[in-house]
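Architecture at a glance
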Amino acid sequence: INTLDEPAAIFFNLTESPWIRAGRQYSVRETHPNNGTIVRTFTTHNVPPHGIAALLPQDAGDEPEGLWPPCTVAEWHISQSGVRTD
């Protein structure tokens, strides 16, 4: 929701949603157009004043190899052995 009186960008961090699986990429539609594939974060630009952006993500497979950091927020990345990795 754009609460401003002017157009604005809206940012969505996929890693903060309990309904989005970590380590996946998603094809996404924003209200009507097909916006391609997103990994970890999504920004939509020029949301009208007091307008909304509605996303419809669909699983599109594993994240691409070699992304760094391994998590969007480096402080949150814990290895399988329970050790924080930076």
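Everything below is about the structure printed above this text.
A brief look at the structure comes next.

Cut-offs and rules
- Residues numbered from 1 in each chain as written.
- Predicted model: local features only at pLDDT ≥ 70, side-chain atom pairs only at ≥ 80, totals over all residues.
- Heavy atoms only, no water.
- Helix = DSSP H or I, 4+ residues; strand = E, 2+ residues; numbered from the N terminus.
- Contact = heavy atoms within 4.5 Å.
- Polar contact = N/O pair within 3.5 Å; in protein donor to acceptor, adjacent residues only side chain to side chain.
- Buried < 20%, exposed > 50% of the residue type's maximum accessible area, 1.4 Å probe, protein only.
- Salt bridge = Lys/Arg side-chain N within 4 Å of Asp/Glu carboxyl O.

**Concerning the environment of Asp5**
Summarising the element assignment, Asp5 is placed in the segment before strand S1 (8–13). With residues up to four places along the chain from it excluded, the contact list for Asp5 reads Pro49 and His50. Of the polar contacts made by the side chain of Asp5, one reaches the side chain of His50; its length is 2.6 Å.

**Focus on the side chain of Glu63**
When you line up the elements, Glu63 lands in the segment after strand S5 (55–62). Accessibility expressed as a relative area gives 17% for Glu63, which makes it buried. Those residues in contact with Glu63 that lie beyond four places of it in its chain are Gly23, Arg24, Gln25, Val39 and Arg40.

**Some words on the pattern of salt bridges**
What the rule picks out here adds up to four salt bridges. Here Asp59 makes a salt bridge to Arg21, at a shortest N to O gap of 3.7 Å. Taken as a pair, Asp59 in strand S5 and Arg21 in the loop between S1 and strand S2 (24–30) lie far apart in primary sequence, 38 residues in all. What makes Asp59 partly exposed here is its relative accessible area of 38%. Taking the relative accessible area as the measure of exposure, Arg21 reaches 53% and is therefore exposed. As a salt-bridge pair, Arg40 and Glu63 come within 3.1 Å of each other at their nearest N and O atoms. One end of the pair, Arg40, is in the loop between strand S3 (34–38) and strand S4 (41–47); the other, Glu63, is in the segment after S5, with 23 residues separating them in the sequence. Neither Arg40 nor Glu63 differs from the other in exposure class; each is buried.

**Some words on the environment of Ala53**
With respect to the element layout, Ala53 can be found in the loop between S4 and S5. The exposure class of Ala53 is partly exposed, given its relative accessible area of 28%. Note: C-alpha distance between Ala53 and Thr43 (10 residues apart in sequence) is 9.9 Å.

Fair warning: the whole summary comes from geometry, so function is off the table for now.
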